[in-house]
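Residue-level structure breakdown
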Amino acid sequence: MKKFSRIVAVVAAMIVAAGCGRQEKSPRTVADFNFGWRFSLGDDAAWAEPGFDDAAWRELHLPHDWSVEGEFSADNPSTPGGGALPGGIGWYRKHFTTPASDRIFVEFDGVFMNSTVYVNGQEVGTRPYGYSSFSYDISPFVAPTGGDNVIAVRCDNAEQPNSRWYAGCGIYRNVRLVGTSKPHFAYNGLYVTTPEVSDAKAVVRVAAEVEEAGSDVELRYRILNARGRKVAAGAGPTLEIARPHRWDLGDTYQYTLVAELVRDGEVVDSYRQKFGIRTLRWDADKGFFLNEKPVKLLGACLHHDMGALGTAVHRRALERELTILQGMGLNAIRTSHNPPAPDLLDLCDELGILVMDEAFDMWRQPKTRYDYSRFFDDWYAADLADFIKRDRNHPSVILWSIGNEIPEQGGFADQPDDNPAIALTRELVGIVKGLDPTRGVTAGNNNVRPTNNLLRSGALDVYGFNYNTGLHDRFREWYPGKPMVSSEATSAINSRGIYFQPSDTVRIQPRVWWEAVENASHQLTAYDACRVPWGDLHADAWLAVRDRDWMAGLFIWTGFDYLGEPTPYGWPSRSSYFGVVDLAGFPKDAYWMYQSEWTDKTVLHLFPHWNWTPGEEIDVWAYYSNADEVELFLNGRSLGRSHKEGRALRAQWLRVPYEPGTIVAVSYKDGKEVARTSRTTTGPAEGIRLTADRHTIAADGYDLSYITVDAIDGQGREVPDADGMLRFSVKGAGELVGVDNGNAADTLSLKGNQKALFSGKALAIVRSLRGIPGTATLTVEGYDTTETINIKTK
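Residues numbered from 1 in each chain as written. Predicted model: local features only at pLDDT ≥ 70, side-chain atom pairs only at ≥ 80, totals over all residues. Heavy atoms only, no water.

A word on the overall build of the protein chain
Defined as follows: Each helix is a run of H or I in the DSSP string that is no shorter than four residues. Each strand is a run of E no shorter than two, and both are numbered from the N terminus. Atoms counted for the radius of gyration: C-alpha only. Globule rule: 2.2 Å times residue count to the power 0.38. Relative accessible area decides the class of each residue, using a 1.4 Å probe on protein chains only: under 20% of the type maximum gives buried, over 50% gives exposed, and in between gives partly exposed. The contact rule is simple, with two residues in contact once any of their heavy atoms fall within 4.5 Å. Per-residue accessibility takes into account occlusion by the displayed protein chains alone, with areas from the Shrake-Rupley method and a 1.4 Å probe.
Broken down by element type, the protein chain carries eight helices and 49 strands. Relative to the compact-globule value of 28 Å for 794 residues, the protein chain shows a C-alpha radius of gyration of 27 Å, a close match. With respect to the principal axes defined by its C-alpha atoms, the protein chain has extents near 85 × 65 × 55 Å. Each of the 794 residues in the protein chain was classed as buried or not, and the buried ones make up 62%. Residue pairs in contact within the protein chain that sit at least 24 positions apart in sequence constitute 71% of those at least 6 positions apart. Accessible surface, the protein chain: about 29200 Å² in total, of which carbon and sulfur atoms supply 48%.

The following block contains the structure:
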C-alpha cells in the first residue's frame, strides 16, 4: 500500500481577513461513484485490464451484496453460522472520466472482503478487513484530464467460514470520487474537540492533517450554526462559541466546521465537518452522564445486515431499524462487532442515539477458520487508527470498544503479568487514546473474573461485561472504583407470533452451547420463556441492570434478528432468533416489555392471538405501564385482575380454557381505567391488505418503501396465524429489491418474487429508479386475490 507523506498542521497561521464572512469556492469535488458499474462472479487476472470487454457483465449500482442474491443452501460453506448463503470471488468494473483536479482519490466505505483495487490495469492497493473504510490516491494511475479510465475491484470471500454471522460479499457500502488541489486536507484529517463547555461558552479545538502543503499555505476556520450562520472564525487551533447549543438525546443540534487551506489569498481546499457540543462522564457509582445528567444506557447490539437487503447499505433501511428501536425506548446501540457504515453514525447523530463503537471480534486467536485473525498482525494498527479517525467527530459516539469476547482474555487460571495479551491490550488502547483521548475505551468481556487479561491490563476505562448477571454484585468487589456496563445481555430466543404452552416453563436451548436443537418446526416461543444457557430472559437481564445505579446500562442481544447464527437450530434455520424485532422489522412481544419499562408511554399489549382449538388451555400475558393492574375479560366475563409481581414484568392469566370470541384487557390506575385492548378470533384468511410505510420516495435509486402484507379474513380482520404463499411484482418507476416474512427457517430467496406469510405477515421492499420520477406499482397475489399499491417517486 502506497504511503504518502503527511504534514500534521499545528494551526498557527494568521487569519486571512479578506476571507472572513464570505463563501469561498473550493476546488474540492466529491462525486457519488456508486452508479455505472458492471459485475461478474468468477476470477480472471485479465479483468483488471482496461481493454477487457465487459459488455456481457451485469450492470448495477452500489452498494451491492452479491451473497444475499444467492440461494440458501446447506451446502454453502457459510452454513449455518454465516447465513447459509454463497461466497466466492467477484469483480466490479467501471469506466470514468478523469476530473480536472490535481489530486484524485477514490474513497470506499467498506468492501467485503480482501479487496484489491486496480486503475487502468495497475494495482493501487489491497485491504483485507471488510469493515474498514479507506481511500486511495489514484492520481498516478489515471489518464490526463478528460481521459477515459477503468477502475476494477476484486473481492475475495471464497475462504469460508470467516465470520460467526452473515457478513455479505462485495462493495456493500458507498464509494466516492474526490478531486482536490495538491495541498489538501487528508482523508478523515479533521479532528474537532470541545475541551471546555459551559452555558456561557464552548472552547472548540481543531487539529488538521494536511498533505502536500508548503509554508505558504495557511489555515482558517469558521463555525456555522445549524441555520448556516457564522458563530466563530479564526486561524485556530482554538475557537470559542458563545452560549453553545448542546447536542443531547432529545435535541440533536450540530454545528459545522468549515476548514480552508489558503495560499496567496485563494482557497485551495475546503472541508466541512459536522460536530456536536456535549460532555461525557462515567462514574463508578452512578453510571453514565451526558451533559452532566445521568443517562441509563437502554441499548441493543446490532449486526450490520438489513434483512432482505443483505449488507448493501441503504440509509433508509438503517433509519427504519433505528426508529423502530427508538419506539421501544432505546437510546443506545453497540456496533457488534465491527466498525459500522458511516451512514449509521450520521443517523445516530441526527436521531439522538448513543453509540458504543466496536473495532474487532477477534485479535490473533481465531474464532472461525478463515477470519480476520489471519491478517491481524499486519493490519490491526492501520485498521484501528482508520476506524478511530473516521468516527471520532460523531457526537453520538460515547465509547470505543477494542474487541468482543476476545479469546486472549484467557481462562480462570492466573497468567504471568507480562503475557502478550496484556501488552496487546495496552497497545490497542494506546492507539485509540493517541487519536482520541476524549472518550473511554472498553471491551465486551465474557470472562468476567479477575483472571481476564484485558481487565488485568489496567488499560480499559469502562469495564464491559457480557452476560453473567448473577455476578453483577461481585463485580463491585472485584473491580472497585471502575465504571461498568452490561455490554451484552439477554440472548433470549423467540419467534414472532409462535406461542408454546405452557408459558411458565422456561426453556433453555440448547442445554449446552455447542449442541444444536432438533425441532421439526424450527420455531421458538414468543413468550419471554426461552433463552440460551449463557443468557437470560428479557425481564431478568433488564432487572439486573435497572436496579443497580452503578451499572451504566445494557445492550441487549439483539435489537433485530440478523442473518446467520440461528441458535439453537441448524439447517434449515439460517438467521437468528435473538432479536426483539424480527428480520423483516416486525416487533416480537418482548418489544412491548421494553416499551413499558423504557418509555413514559401508556402501554397495554395483550397476547397471544385468539385463534386456537376449543378446549386448549392458553396462557395470556399483558405488558403494561402507567397502571397498577390489568383485568382480563373473556367474552365479557372477568377472569380477574393481575399485576407485576416479583421478576415478572407483566400481568398474566395461566391455563385459560380457550373458547372462540374476544379477550379484552383493561388497565387501571387508582381504580380508574387507563387503557384497553383486545384480541378476537378471526375467520380463515380470504385476502390480503397492503400498507406502505412511505407513499412517496425520492427518485434517486436509493430510497425505499417498505410495504407490509397482512392476511385478512372476510371481515377485514388480520389473521395472525395465516401462512399462505404470495407472489410479488413491481412495474413502473421502481424495482422489487427484497421480500421477507421474519421466519428464520424460510429457505426461499430474499430476492425472489415469492414468499409465504409467517404469523400472518410478509414484507416487500420497493426501491426507486435513479432519475425516473413517476409511480411504482407493487402487485401482490395471494388467497385467489390480487392487491396493488402505488408508490410515488419524485
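A closer look at unusual backbone geometry
Note that the residue after L62, namely P63, is joined by a cis bond; omega there is -5°. Following Q509, the chain continues into P510 via a peptide bond in cis, with omega recorded as -10°. Relative to the helices and strands, P510 is located in the loop between β31 (507–508) and β32 (530–531). Residues other than glycine seldom take positive phi values, yet N114 does so here, at roughly 45°. Even without being a glycine, S491 presents a positive backbone phi close to 60°. Structurally, S491 is set in the loop between β30 (484–490) and β31.

With respect to empty space enclosed by the protein
We apply this condition: Think of a 1 Å grid over just the protein atoms. A cavity is a set of points where a 1.4 Å probe fits yet cannot get out, a pocket is an open set with protein on both sides within 12 Å along at least five of seven lines, and lining residues have an atom within 4 Å of a point. Grid points are joined across faces, edges and corners, and a volume is the space filled by probe spheres set on the points. Classification convention: Asp, Glu, Lys, Arg as charged; Ala, Val, Leu, Ile, Met, Phe, Trp, Tyr, Cys, Pro as nonpolar; all other residues, Gly among them, as polar.
One pass over the structure, following the stated rule, counts eight cavities of 30 Å³ or more. Approximately 170 Å³ is the volume found for the largest cavity. If you go around the largest cavity, you meet 18 residues; those closest to its centre are Y129, Y131, N162, M362 and Y372. Residue composition of the lining of the largest cavity, grouped by class: ten nonpolar, five polar and three charged. In this structure, the second largest cavity occupies an estimated 140 Å³ of space.

Considerations on the packing of aromatic side chains
The condition is simple: Pairing of aromatic side chains here covers Phe, Tyr and the six-membered ring of Trp, requires ring centres within 6.5 Å, and sorts the geometry by plane angle: under 30 degrees stacked, over 60 edge-to-face, intermediate tilted.
Applying the stated criterion across every chain yields a total of 45 aromatic pairs. Each ring, one from Y253 and one from Y255, has its centre 5.2 Å from the other, and the planes form 70°; the classification is edge-to-face. Pair check on accessibility: Y253 and Y255 agree, each one buried. With a centroid separation of 5.4 Å and 40° between ring planes, the pair formed by F607 and Y623 is classed as tilted. Taken together, the residues span a long stretch of sequence, with F607 in strand β34 (residues 604–607) and Y623 in strand β35 (residues 617–624) at a distance of 16 residues. Its relative accessible area of 0% is what places F607 among the buried residues. With relative accessibility at 2%, the residue Y623 sits in the buried group.

Digging into the pairing of strand β15 (residues 230–234)
Just so we agree on the cut-off: DSSP bridges decide pairing: two strands pair if at least two such bridges lie between them.
Pairing analysis gives four bridges linking strand β14 (residues 217–224) to β15, with the strands arranged antiparallel. In the strand pairing of β15, R222 is matched with A233. Counting the residues in the hairpin turn of β14 and β15 gives five residues, including G228, whose phi is positive at 85°.

Considerations on the environment of T194
Topologically, T194 is positioned in strand β12 (residues 184–197). Overall, the relative accessible area of 18% leaves T194 in the buried class. As a C-alpha pair, T194 and V206 span twelve residues in sequence and 8.9 Å in three-dimensional space.

Focus on the pattern of salt bridges
The condition is simple: The term salt bridge refers to a side-chain nitrogen of Lys or Arg lying within 4 Å of a carboxyl oxygen of Asp or Glu.
Applying the stated rule across the entire model yields 58 salt bridges. Between K644 and E597 there is a salt bridge whose closest N-O contact spans 3.4 Å. Here K644, found in the loop between β37 (637–642) and β38 (651–657), pairs with E597, found in helix α8 (residues 590–598); they are 47 residues apart in sequence, far enough to count as distant. You can call K644 partly exposed: its relative accessible area is 25%. Put simply, E631 and R641 hold a salt bridge, and the shortest N to O gap is 3.4 Å. With E631 in strand β36 (residues 629–634) and R641 in strand β37, this pair connects stretches of sequence that are ten residues apart.

Considering the side chain of T793
Under the convention used in this document: Whenever a nitrogen or oxygen atom comes within 3.5 Å of another N or O atom, the pair is scored as a polar contact, on the condition that within protein one atom can donate a hydrogen and the other can accept it, and that pairs from neighbouring residues in sequence are kept only if both atoms are in side chains.
Tracing the backbone through its elements, the reader meets T793 in strand β49 (residues 785–793). A distance of 3.2 Å separates a polar side-chain atom of T793 from the backbone oxygen of I772.

Observations concerning the side chain of K389
Inspection of the secondary structure assignment puts K389 in helix α3 (residues 376–391). Its relative accessible area of 11% is what places K389 among the buried residues. Of note is the side chain of K389, whose polar atom sits 3.0 Å from the side chain of E209.

Some details on α8
Within α8, seven of the nine residues are buried, leaving the element largely enclosed by the surrounding structure. Restricting attention to buried positions, one finds in α8 the residues A590, Y591, M593, Y594, Q595, S596 and W598. Where α8 is buried, its residues contact β24 (297–302), α1 (315–326), β30, α7 (538–546), β33 (551–557) and β35.

Details of the pairing of strand β5 (residues 88–97)
Within β5, seven of the ten residues are buried, leaving the element largely enclosed by the surrounding structure. Bridge analysis of strand β3 (residues 37–41) against β5 gives four bridges, and the strand direction is antiparallel. When the bridges of β5 are listed, S40 appears paired with W91. Pairing of β5 with strand β10 (residues 148–157) involves ten bridges; the strand directions are antiparallel. Across the sheet, K94 pairs through a bridge with I151, a residue of β10.

Some thoughts on the environment of G771
Tracing the chain through its elements places G771 in the loop between β47 (761–768) and β48 (774–782). C-alpha separation for the pair G771 and A699, spaced 72 residues apart in sequence, amounts to 5.6 Å.

Here we look at α1
Going by this rule: Take the residue count of a helix, subtract one, and multiply by 1.5 Å to get its expected span.
Its twelve residues place the ends of α1 16 Å apart at the C-alpha level, agreeing with the 16 Å of an ideal helix rising 1.5 Å per residue. Among all positions of α1, only R316, A317, L318, R320, E321, L322, I324 and L325 are buried. Each element contacted by the buried residues of α1 is listed here: β24, β25 (332–335), α2 (342–351), α8, β43 (704–712) and β47.

Comments concerning the sheet that holds β24
The strands that make up a sheet are held in pairs by hydrogen bonds between backbone atoms, and each pair lies either parallel or antiparallel. Applied cut-off: To obtain each axis, a line is fitted to C-alpha atoms, and for helices this fit is confined to the stretch in contact; angles are then taken between N-to-C directions over 0 to 180 degrees.
Reading around the barrel, the eight strands line up as β24-β25-β26-β27-β28-β29-β30-β33 and close back on themselves, with parallel pairing between neighbours. Ignoring strand direction, the axes of neighbouring strands in this sheet form an average angle of 25°. The sheet contact formed by β25 and strand β26 (residues 354–358) spans three bridges and is parallel. Bridge pairing in β26 places A332 opposite L354.

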